[in-house]
Each structure stands twice: as structure tokens, then as C-alpha cells.
Protein chains: 2
Amino acid sequence: MKQAKWIWNYGDFELYHCMLLTNRRTVVGVMKPPMWRVDEPSCNLYAYKTAVIDKTETVTFHSNSPQSCMQIGGVIYNPGTSVTLTEGEYTVKVYVHKRDGFPAAYCEGDVFATDETWLCCAFDGNDKPVGTNDMYTELSDDPEVFKFSYERIYPCSVEKAAGGRLYDFGKECFGNIILEDVQLPNSEIPVFCGESREEALDPPNAIVQFKAKVENGYFKSSPVAFRYIFIPLSSIELKLSADFEYIPLEDKGAFRCSDETVNKIWDTASYTLHLNAREGFFDGIKRDRWIWSGDAYQSYFVNYYLMNDNDIVRRTTLMLKGSEPMTHHINTISDYTFYWIIGIWEYYFYTGDKDFVIKIYDKMCSAMNFIMGRLDENGLYAARKGDWVFIDWANFDNDSGPMCAEQILLFKTYESMAKCAELAGDAFAAEKYGSLAEKICGFINELYWDEEKGAYVDDYKTGNRNVTRHANIFAILYGVADEKKKARIINDVIKNKGIAPITTPYFEFFELDAMCRIGEYKYMTDMLKSYWGGMLELGATSFWEEFDPNDTGLEHYKMYSSKFGKSLCHAWSSSPIYLLGRYALGVYPTSAGYKTFEIKPNIMDYEFIKGTVPTPDGNVEVEMTKDFVKVVSEIDGGTLILDGKTYNVEKGTALYVNR
Amino acid sequence: MKQAKWIWNYGDFELYHCMLLTNRRTVVGVMKPPMWRVDEPSCNLYAYKTAVIDKTETVTFHSNSPQSCMQIGGVIYNPGTSVTLTEGEYTVKVYVHKRDGFPAAYCEGDVFATDETWLCCAFDGNDKPVGTNDMYTELSDDPEVFKFSYERIYPCSVEKAAGGRLYDFGKECFGNIILEDVQLPNSEIPVFCGESREEALDPPNAIVQFKAKVENGYFKSSPVAFRYIFIPLSSIELKLSADFEYIPLEDKGAFRCSDETVNKIWDTASYTLHLNAREGFFDGIKRDRWIWSGDAYQSYFVNYYLMNDNDIVRRTTLMLKGSEPMTHHINTISDYTFYWIIGIWEYYFYTGDKDFVIKIYDKMCSAMNFIMGRLDENGLYAARKGDWVFIDWANFDNDSGPMCAEQILLFKTYESMAKCAELAGDAFAAEKYGSLAEKICGFINELYWDEEKGAYVDDYKTGNRNVTRHANIFAILYGVADEKKKARIINDVIKNKGIAPITTPYFEFFELDAMCRIGEYKYMTDMLKSYWGGMLELGATSFWEEFDPNDTGLEHYKMYSSKFGKSLCHAWSSSPIYLLGRYALGVYPTSAGYKTFEIKPNIMDYEFIKGTVPTPDGNVEVEMTKDFVKVVSEIDGGTLILDGKTYNVEKGTALYVNR
């Protein structure tokens, strides 16, 4: 018998778990609903496989619903039935209906063991492969239960406080709070969680709080973010612990340098991303715990230099897209739809996973068609009612917002789409989007470039010629500006103190990426120390959503007009891992899936750097001091670029270059 | 306080109940899955109302899920919360997430009591009114439970048979089988249902059968169709009864004549439709119990002359359409998509319910766009892979099927769409579909009309000039043929015994309608006696899916290669009610909603006829003998047409005309 896998409608696993997590946000004990349409899996699975078998095999049909059946040659069988097939051609069909959860099937067998070779009947002639996940290969597995790992953890200290007890787990955590052997008369115990001590001790304002409904002395909460737990019951210490919930993703990437603060930044960034690497990439673990396309886009980059896990990127991508028809932008934000498409191309470029691009290509087309329905007469993106033009939540000093930045993202979207279309064998679309990319690039340079200011303006329509850093950073990153314009931008925007600085860590990712791209490494390393180092100085055990060194005390926790509104564990703050891997170790693919790649190490202002960058087929280790560079690669295709010279890197052979 | 109603996403109530009923088919104890995509409600409801209140009111929020909240002015409240609003403008928002079932909300209040004035947030700028149903107006109502009425019924006889007991309920029934005070050691009692005695007594072949899982001596089944129940347990008589499940729809229409067989036909047809008038109009109550667009289309006509219930037509229409995007024809059958659109126009014409047309207009557009994606270079309908060209399940004697009949339905679809577009204020579409109707009518007459044969051929492409009755019947009914062509059709097709007769009761509806339209009443009344009368002679208590007077014994029950495959209670066999109301009583609207109507009574071959036809605003009673006609109308707008003369019918005043 071949190893079977649970099968479902492609994408349903992701839609189901995303639906659950999107609908579980509470604020101070009240549900806070999502701001967009939440999609769900289909309630029906209709899958089949046609094959010729040359020896007898027994097919046993299982499903996760009694409302299901297997059909072979017109005969229908109940779940649990085994049918023995002698050699010949058969079509084995399975049908499962399940609404509270999602329908999934599992056939034990050989040729007919369920796996990716089964097709879903779409009733429209476009039958496509089913969905599977390598976490769910045993009959006893339940795809409706996300396969997290759990580790029992205990408070490292307990203290009396505010008429109750405060339990400190020593660092930011995520998991189920557990109460055992509860001897209290109350059957409902109020529990207040805090990422900070202050938050836990502030019952009216603690974002995460609930009443523990104790049964038989026992209670287990749904998973929440916490470091501190406050229980306002006088003098009794409870047997309190937690099931730390996580995915055991190995850190394939590594980084060390002579600066211990930077090493601690790297470790804390790693912990931050791990906490947010769940069903998909979360924005943060405390507050909304949703999947946001812009946040996820940055997490992907960190992932490629840390865990290099393909499945979480695929899951996140499917979660973000939702179902057809597309009626609003992803997370309602236009830039987030653009990142979604760009991110798929970049996923392919880092991983070489062409199969995923082919599988998701029809969803890319639907997103693209949605975008194309929102263009103006020049083919430029024009926001419609309900579209949120985000870019960065800083205020833009004009009426229509940062439209140039949107156009640059659209340009990159066309480019990405053209390349993915080529992978999917859609030559017509490849040609079409290629030429649209060229066309919009021309329009951007014609309409938004201001030769006098040496900058792209936010919007040409307003006539106010307002310049912010955002569009100009994108112009560098996404290749809209030629070398001449780039030089002007560096001089007149990037290094121009008259242009308002980037203030959000979200956009800091793009700025630091661009600064490194133009060789301004010191800007990045200084920022590491002041911004990320600043959080560490305040005792951060994970990196925050935002940080202002000028804040004091409770000011650090405030955000969105809420006393503890700020997330103290936010995925987008883990970017140092990407920046150090990409620009210090200097490893990056130059063709899809690291078939070829470059190593352009940069010691920055450290005594030494040393680390590992994972690739789809093996690791690349880089070590650099003032005196030498050492590269050990587990794959072929690498070129070391050092001090203006290039060196071929052979798989398995250490390359030393003295400087 | 104003009477509130439960609210949900428009259409979700129908999608939910249709999903349940579509997935509960079993055959000989095994699930038989639907052959199309089954849609489901959304798991999220996001509804709101903005209004100015000029006096204080208290709004109390309820929902059918703990994962829900009400939001007023940025403050979020848990379900069960009451909020008092002083005068001013407010937007009250409610959010409900529910997956096992569908999300629904209920606000007590005055201006903010939930009802049709609330809007659903669609996140795409196209917010539309919520759905409601007048059956669900109390807080204690549960829209997830369809509001049937129940009546406890008991077998009228019990006999020992085949080593067990056979319980006879005396007539076709639908409901939950109940076992009480069961003293048997078995906890699972096999139960075999039969529409016929023979079926119940044939355990390997009885379509409806199950194992009754008795708990504490009690068992209640899910609802099934039955007249006979066989329980193969030696010698013990069980306390067996049933909860007859029905909607208490009043018969507003009535018909009596001098022929008692015809009266019994009318009564049995009425009972047949009532049994099938459930969540929506079923095809039949035993076998698949699904909603089929072609079957429903005929039920609508009978409904307009019997119960005249608007809500069941609306529910059925919403159930058939399903969700966006449309990826296959309704029930996968192209003609069924056409009937769906035509049926909406006819619904409006019989009821005057413009509001429904406006609400469903976007779904009509989506169906129309789906159809338009399947036309050939002449704009004629061309089936794609997966499209089922049905028309009638008789075999057509050519390669490509009855394409002319499809084109005529498409013509009528365009006409219906043009008129509905006008109602919806979409002048552009009204113009477009009007001209498409004209164009395709021209093509049909140019390409499919065979002057030599005096008939429309099935398909012009095959060159075989094959003629069947179907397209020619449609040409008469839907107005494609001019008077000259019509005369040729009557002579060369309808009255031509060389053209194969219609053999299915489904298409008999269209044939008899057409025969009456051309004045061949005797054909219809003869058919009443031979076909429907023939079933009565065999003891039918409801009318069958199909009937062949030449069959004997068990042959009557066989269909679809299954010994008891035939449904003995099939909605489409209730057409005598329509035929007698429309052509004997002769009442029909001449403008939408019976604003104007004609009464063209025809005594057929009876001594007298007498009956009632319901209209939206009141009944029209007609009595006719050889000597006089009497008309009493509760509404204005009627014209009696008798023996070539016309008479104005005044509301509330009996009109006698001696002949």
C-alpha cells in the first residue's frame, strides 16, 4: 500500500483555518470583527482519479463526514467500505459533504491511495488537483485541527499584586492558559493577560482577557499571547501553566558577528518571527492576529533567510486570496493585492517551486482582472470607493495619497504576472503583462518624475509636487528609476534631511532594503542599534510593532488610541534577519530557486560576520573577517563577489579568499 | 417597539436550506451525491442601518452565535446588550460569525429594529438590503430550522407480511417516522419505506430505507416520503406513527366541473403539488428531493392557479441560482438556466412583485453573462463541455440535439431579461437584450425553419432536417413563429402522426399548453382522462413522474434502471391545475400583477365548470354552463371574452352573461 494523504478542495484547508483565526479576535472581552469579507471552504468535496491498475488492489474509503460516499463504476459505497479491484481501468470518485469544518477524504490503496494525483470535479470542465498537506498523511490525522506542537510551560515567578497574583512567564509567549486543581468556589475566574506587566495589571484596559469557566477544577483557554497573567483573587496562588503552541520550524539560517547586541537582535527577531509563524504569517500575536498581505510580504523575506519554509508561504498566500469572486482588495488595501502577486513571483524566485505558481495561477488571474477593472484612462491605478490606499500609514501631504508608489507596485505586479504567466504556459498573458509593465513604467517616468526636484512626486494630479520618501524608495527597489534618476533620488531625497523621515517600522523594511541596495550600509547598522537595540534596552523579549526612543513609561504601549493597543511581538520587526542575510552575508539568488546565486559579503562595521543562508537544496555558509572570506556551499551555482573580483563557488568545497 | 425580524445576508436562508436538502439524498441506504456544485451561505453577516431618531430608543442586540457583536459609534457590545440612544443620527452595525448554520441577527428597537431597511456591507461599495422572511419575526424563531407545520398521523392499517409488519398510511405522505415504547432488544431496527406496497416489501430495492437507532424506546427519523412502512421483525406490532411535515399553504384556487374524474384529478394534482411545496418546489418527494429549475418552472405555473404563494417562488429562485461566480448551468442544464430567467419575468407578470426583480437583478445579470460566454459566432447558443442540453429526455435523432429548442428558449430569455432590466432601471441592458432577442429570432427563422417541411428542424448544422415536436411547440408558446408559420406547424407537425409523439409528462406540460393555445382543447381533456385518469384507476393518491398505460404490475414502478426508481409523487404532474385554470376558467393576466386581465372561459366537454383563480389582490370566480357565464372578481381590470364579445368586469359586482 502506498502512503495516502487526506485530500480536500485545493485551498480549503487554508480557507478554513484562516476563517477560524480571523473570527476569534476579542478586545477587552468583546469580539472585534474583521474589516473584510471572510471566506470559507466549500461544504462539498467531489474528487476522483482515473487510472489503469495492473494488479489487484483494495481501496478503502474514509472521510470526515457520514454524509459521504465512494463511487466506482456506478456503484455507491458508504464510508468505511473496502472494494477490491482487479486489473483494469477504473474511475474512483469520492463525495463528502461537511459544513461545520470542511470535507476531506482519505482512501487507503495503492494506485488509488488519495494524494495530489486526484482531481476535483469543478463541474465546469476545469477539473484541478485536490489539496493536500504533508502534515496530514495518517488516517488518524484531522485536517480540521491545525497541527501545532505543544510544550507545557510554567511561570518563572509569581508575586502578589493589586489584590491578586501576577504570574510572569519571563518572555513573550503564545498558547493556552491552563488552570488545574482549582479549589475556588467561583466557577468563572477572571484572567487578564499582558504583553507587559502594566497591561496585565490593568483589568479595564488589558486587551486580552477572559473569564475562565472552570469545570471539575480544570480550565484551558483558547490560545492567546501573554507574558504576564494577572488573576485578581486575594492571596490564593493557582496552579497555572500554559501549553506553548508552536510549529517546530528549524532555523536553517544563522548569523553571528562581533557585536553581541546585533546577535541578540538577530535572536530576538528570530523568536519574533517564530511566534508569528502559525497557520500563516500573522501580523502580531496579541491583538488582531490576522493575516495581512503587506505584513506577510515582509515575513516571506525573513523566512527565506531564517526557516526557509515553503509551506507557510503557500498557506499564507492561499489564505490571503480567499474565494472567487474577488470583490475587494486583499485586506481591502490596493497595495496589498499588488504585494500578493509580487510575493508569488518572489516565492518562486527564492524557492523554484513552479508547481505552486501553476496551481495558483488562476487565482492570480482573478486578482489581476480585479486590478484591471480599477485603472484610469492612462492605465494607471485609480482607487475606487472602498479601496484603501495604504503604502504607509503616515499622512501624505496631498489630496489623493501616495499614488506614485501605487503605480510602481502595479508596474512590479505586471512584471511578476508576466513571469508567472510564462511559467504557467500562458504566452498570451505573458506578452500582455510584459507590455503593460513597459507602458506603465513609461507613464510613471513621464508623469510622476519631477526633474527639478530630482524625485518622483506623490501625485502629479494635485499639482502640489509633494515629495515623500516612499515612491522614491520603491523606484529604487523595483527598478523604475534609471541610473541617472537613481543618483538624483539618492542625493535629493534619500540624503535630503528636508524630506520627512520614514517613521514606521513597516516602511523601515523597504527603506533599509533600499539603503543597502545603494550601499548605505551604515544607515542600516546604525538603525539596528538605535531602533532594535533600543527595544532590547527596554527589556523586549520580542520586537514591537512600533518604537519611539523618545517615549517613556506607558507611552511605549499606546497605539490606535488604546492604552495597550501596541503589539509587542510584531512580525514586520524581524527584518534584521533578512537585512543581515541579504546584505552582510550577502547571499541572494540570481535565478529562480538558487540555480545561480551570488555571495557578496559585507562586514559592515563589525570585526567578523559568520552565518548561514538556506536555499532550496542546501545551505550556504559565509564567514568574513577583515582578513579573509570563507564560503562553504551545499549547492552549485554560486559566485563570490569580493573587492571587485568574482570567484566560482564549488558545491562542497570550502572557498577561502584572503583580502 | 416595532416588530423586528431576523436578518441575514440576502439569499443565505435559501442557500442554507437548499444545501441541507441537496445533501440528504440516499438510495438503498447509501448517500447519493448531487451532480452539481452545492452552494452555501456565507459564514459572516455584516449588517448596518443609519438613521436619525427623534426620540430615545433602546436597541437590544441578539444573534444566533456567541461570535457576534454590535457596534455603535466605535463602541462594541456583546450579544444580549441593550444600548439606549437619545435623539440624533446613528449607525448601528452588527457582525455575526457562524459556520455550522448561517449567521443571523435580531435587534429589538424601534427605528433600529432589524428588518429589510438594514443593509449588508459587501466591502465592495455595493451594499444591499439584508434578507428576511416573514416566518421569522420572533426572537424565539430559529431561521436555521425551516418552519414546517406538523400533524401526527397514524397507519390506517397494519398487516403481517414477509415475516414482519406492513403499515399503510392510506396515501402518499412526507414526514418523520416515529417509533415509541419500543421494547425490542435490538437498538437498530431496519425500516423500509415504499410509495407502493411492493417497494416497502422489497428490502434490497426499496429506495428509502434506514436503520432506526432507538434510544430509550424512542426513534424519530429525518423526513422521508412513504405510504407504506415495512418492518421485518416477526410478529411484533410497533407503536408507529409519523409527523406529517408540510407548509400550511391555503388553496386559493379551485376548480369543479361535471366530470367527477376531472375533479379528482384536480384534487390529486393539488395534493401532489402541496407535498412538493417545501423549502422550495421539489421535483418529487421520494428520490432526489432536489430543486430542479425545469421542474420548478412548471410548478410556478400551477402555483399561480393554486396557492398563489409568492414566497415559495422567490425561495426556489434563490435556491436555484446559488452563489457567485456561476461556473455551470443551473442543475448543469442549459435550458434550466434559461427557464430560471424566464421564470423571474413570469413571476413578475403574475405577481407584480417588482421588489424581487430588483433584488435578484444582479444575479440575473450574472446568469446572463454566463450564457453569453457560450454563444457561437452567430450569437446562437452552443453547448460547452459539461453543459447538459436537456429539453426533454427523449432521444433526439441527430448528433447535436435539440438546438433549435434551446435557441427559442434563449430568445425568450433575452426578452425576459430586457423587461426585467427595464424594471431594474438598467436602460442600457434593456436595449441590448431587446435587440439581441430580435436578432436571434431572425436567425432562428432563417436557419432552423424548413419551408418544405413546414417546421423548425432540430438542428440546421447536421443537414438531416430532423423534425421533432419540441422546438415547434416552443415556437408557438414563446412567439417565434408568425401566424403563417404557426398554421404550417399545426398542420405539418402537431397534427402530423408521422412526427413522434411527446411521451414524457414533463414535456406534456408544454405540449398541452401549446395545444390549448391553438384551441385544441379536446386533446388536453382527452389526455386528462387517459393519462391522469389512468393513474387514478391504478389507485394513485398523488401523480407520478411518468405513466405508460401499457405497463403492467411492477413495470409501473421502474425507472432509471431501478426497480422502484420512479417517483409516485412528482410536481410536474400537477399541471392539470394550471391547464384548467388558464384555459377552462380562462383567467390570465394581460399586464403585470393582474393590473389588467382577461377571462376567456371554455366549458370544454363538460356540463359546467366553476372555480376560482387567485390574483395578487383578490380572487376571480368563474362559473360557466351551456347557458350562462358568471364572473365575480375581487379586483378591477378584468375583461370577459365570450363568444367573440368583450365585457368589462367590475370589482365586487357579479357579471352574468347569458349565452
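Residues numbered from 1 in each chain as written. Chains lettered and ligands numbered in written order. Predicted model: local features only at pLDDT ≥ 70, side-chain atom pairs only at ≥ 80, totals over all residues. Heavy atoms only, no water.

S.K.: How should the packing of aromatic side chains be read in this particular structure?
M.R.: Under the defined criterion, the tally for this structure stands at 114 aromatic pairs over all chains. On the numbers, 6.1 Å between centres and 25 degrees between planes, the contact of Y414(A) with Y433(A) is stacked. You can see Y414(A) sitting in helix α8 (residues 403-423) and its partner Y433(A) sitting in helix α9 (residues 427-447), a full 19 residues away along the chain. Of the two residues, Y414(A) and Y433(A), neither departs from the other in class, the shared state being buried. In this structure, K485(A) is placed above the aromatic ring of W449(A), and the distance from its NZ or CZ to the ring centre is 5.5 Å. For the cation-ring pair, R25(B) lies above W290(B), with the distance from its terminal atom to the ring centre recorded as 4.9 Å. (Phe/Tyr/Trp six-rings, centres within 6.5 Å; stacked < 30°, edge-to-face > 60°. Helix = DSSP H or I, 4+ residues; strand = E, 2+ residues; numbered from the N terminus. Buried < 20%, exposed > 50% of the residue type's maximum accessible area, 1.4 Å probe, protein only. Lys NZ or Arg CZ within 6 Å of the ring centre and 35° of its normal.)

S.K.: Can you walk me through the pattern of salt bridges in this structure?
M.R.: Opposite charge on two side chains makes pairing possible when the charged atoms of those side chains draw close. Taken as a whole, this structure holds 96 salt bridges over all chains when the rule is applied. In this structure, R165(B) engages E237(B) in a salt bridge whose closest nitrogen and oxygen atoms are separated by 3.7 Å. A residue pair is termed long-range when its members are at least 10 positions apart, and R165(B) in strand β14 (residues 164-180) and E237(B) in the loop between β18 (224-231) and β19 (239-246) qualify at 72 residues. For R165(B), a relative accessible area of 11% gives the class buried. Overlapping salt bridges bring together E40(A), R99(A), E40(B) and R99(B) as one network. (Salt bridge = Lys/Arg side-chain N within 4 Å of Asp/Glu carboxyl O.)

S.K.: Help me understand the nonpolar core, please; the structure alone is not making it clear to me.
M.R.: Note on soluble globular proteins: their nonpolar side chains tend to be buried together. Residues F226(B), I229(B), I231(B), Y456(B), F474(B) and F510(B) are the most contacted members of the largest nonpolar core, which totals 210 residues. Beyond its immediate chain neighbours, meaning those up to four positions away, I229(B) contacts R165(B), L166(B), Y167(B), F169(B), I177(B), V191(B), F192(B), C193(B) and L240(B). In this structure, W8(A), A225(A), Y336(A) and F370(A) belong to the second largest nonpolar core, which totals 209 residues. (Core = buried A, V, L, I, M, F, W, Y, C linked by side-chain atoms within 4.5 Å. Contact = heavy atoms within 4.5 Å.)

S.K.: Whenever I open this one, the pairing of strand β25 (residues 608-615) of chain A confuses me. Can you help?
M.R.: All names here are of chain A. In terms of residue burial, β25 counts as a mostly covered element, since 6 of its 8 residues are buried. Pairing between strand β20 (residues 254-257) and β25: 4 bridges, direction antiparallel. Bridge pairing in β25 places A254 opposite T612. As paired strands, β25 and strand β26 (residues 618-625) are joined by 8 bridges and run antiparallel to one another. Note on β26: the bridge partner recorded for T615 is G618. Taking the residues between adjacent antiparallel strands as the criterion, β25 and β26 are bridged by 2 residues. (Pairing = 2+ DSSP bridges.)

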